[in-house]
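Okay, here's what each chain looks like letter by letter:
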Amino acid sequence: MKPEEIRKLEAYFKRTFNNDALTVKARPRKDDSCELYLDDEFLGIVFKDEEEGELSYNFSMAILDIDL
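Residues numbered from 1 in each chain as written. Predicted model: local features only at pLDDT ≥ 70, side-chain atom pairs only at ≥ 80, totals over all residues. Heavy atoms only, no water.

Q: Can you walk me through the confidence of the model for the protein in this structure?
A: It should be kept in mind that the predicted coordinates are not to be read in detail where pLDDT is low. Averaged over every residue, the pLDDT of the protein is 96; residues scoring 70 or more account for 100%. Least confident of the elements in the protein is strand 3 (residues 41–51), whose mean pLDDT is 95; most confident is strand 2 (residues 33–38), at 98. (pLDDT = per-residue confidence, 0-100. Helix = DSSP H or I, 4+ residues; strand = E, 2+ residues; numbered from the N terminus.)

What follows is the structure in structure tokens.
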């Protein structure tokens with residue numbers, strides 16, 4: 001993803017979850033997704049989806065049973 005998209009997504013997550021510790025980082029060798037972190041802890045992946053001229057982003061987070 002472009003740096004501008006990453007900045008917008010990071011601002012969205014910080015605003016939505018009211019948490020300035022959230023950061024969005026580019027993924028190495030991938031240009032269709034980025035990663036969301038809380039401090040240094042990986043939370044999930046944000047995928048860019050472009051279909052029929054519409055742009056959206058999908059957030060995917062796996063939750064392990066040992067974390068519950």
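Q: I tried to follow a nonpolar patch on the surface on my own but got confused; where do I start?
A: A cluster of nonpolar side chains, Phe-59, Met-61, Ile-63 and Leu-68, forms an exposed patch at the surface whose accessible area comes to about 450 Å². For Phe-59, the location among the structural elements is in strand 4 (residues 54–60). (Patch = residues over 30% accessible without salt bridge, like charges linked within 9 Å, V, L, I, M, F, W, Y side chains within 5 Å. Areas by Shrake-Rupley, 256 points an atom, 1.4 Å probe, with all protein chains shown as cover. Salt bridge = Lys/Arg side-chain N within 4 Å of Asp/Glu carboxyl O.)

Q: Help me understand the sheet that holds strand 3, please; the structure alone is not making it clear to me.
A: Within a sheet, each strand pairs with its neighbour through backbone hydrogen bonds, oriented either parallel or antiparallel. One open sheet holds the four strands; their spatial order is 1-2-3-4, and the pairing between them is antiparallel. Looking at strand neighbours, the two that pair on one side only are strand 1 (22–26) and strand 4, the edges of this open sheet. The average angle at which neighbouring strand axes cross in this sheet is 25 degrees, direction not considered. In this sheet, strand 3 lies alongside strand 2 in antiparallel orientation, the contact comprising six bridges. For Leu-36, the partnering residue across the bridge sits in strand 3 and is Gly-44. (Pairing = 2+ DSSP bridges. Axes fitted to C-alpha atoms, helices over the stretch in contact; angles between N-to-C directions.)

Q: I'm lost on the nonpolar core in this one. Help?
A: Generally speaking, nonpolar side chains in soluble globular proteins are found buried as a group. If you look at the biggest cluster of nonpolar residues, it comprises ten residues: Met-1, Ile-6, Leu-9, Phe-13, Leu-22, Val-24, Cys-34, Leu-36, Leu-43 and Val-46. Elements that contribute at least two residues to this core include exactly helix 1 (3–16), strand 1, strand 2 and strand 3. Ranked by residues supplied to this core, first place goes to helix 1 with three residues. Among residues more than four places away in sequence, those in contact with Cys-34 are Met-1, Ile-6, Leu-9, Val-24, Lys-25, Ala-26, Arg-27, Gly-44, Ile-45 and Val-46. (Core = buried A, V, L, I, M, F, W, Y, C linked by side-chain atoms within 4.5 Å. Buried < 20%, exposed > 50% of the residue type's maximum accessible area, 1.4 Å probe, protein only. Contact = heavy atoms within 4.5 Å.)

Q: Just to check I follow, could you spell out the pattern of salt bridges for this structure?
A: A side chain of one charge can pair with a side chain of the opposite charge when the charged atoms of the two come close. Scanning the entire structure with this criterion turns up five salt bridges. As a salt-bridge pair, Lys-48 and Glu-5 come within 2.8 Å of each other at their nearest N and O atoms. Remark: Glu-5 occurs in helix 1 and Lys-48 occurs in strand 3; sequence separation between them is 43 residues. Among the residues examined, Lys-48 registers a relative accessible area of 25% and is labelled partly exposed. Linking Arg-27 and Glu-35 is a salt bridge whose minimum nitrogen-to-oxygen distance equals 3.8 Å.

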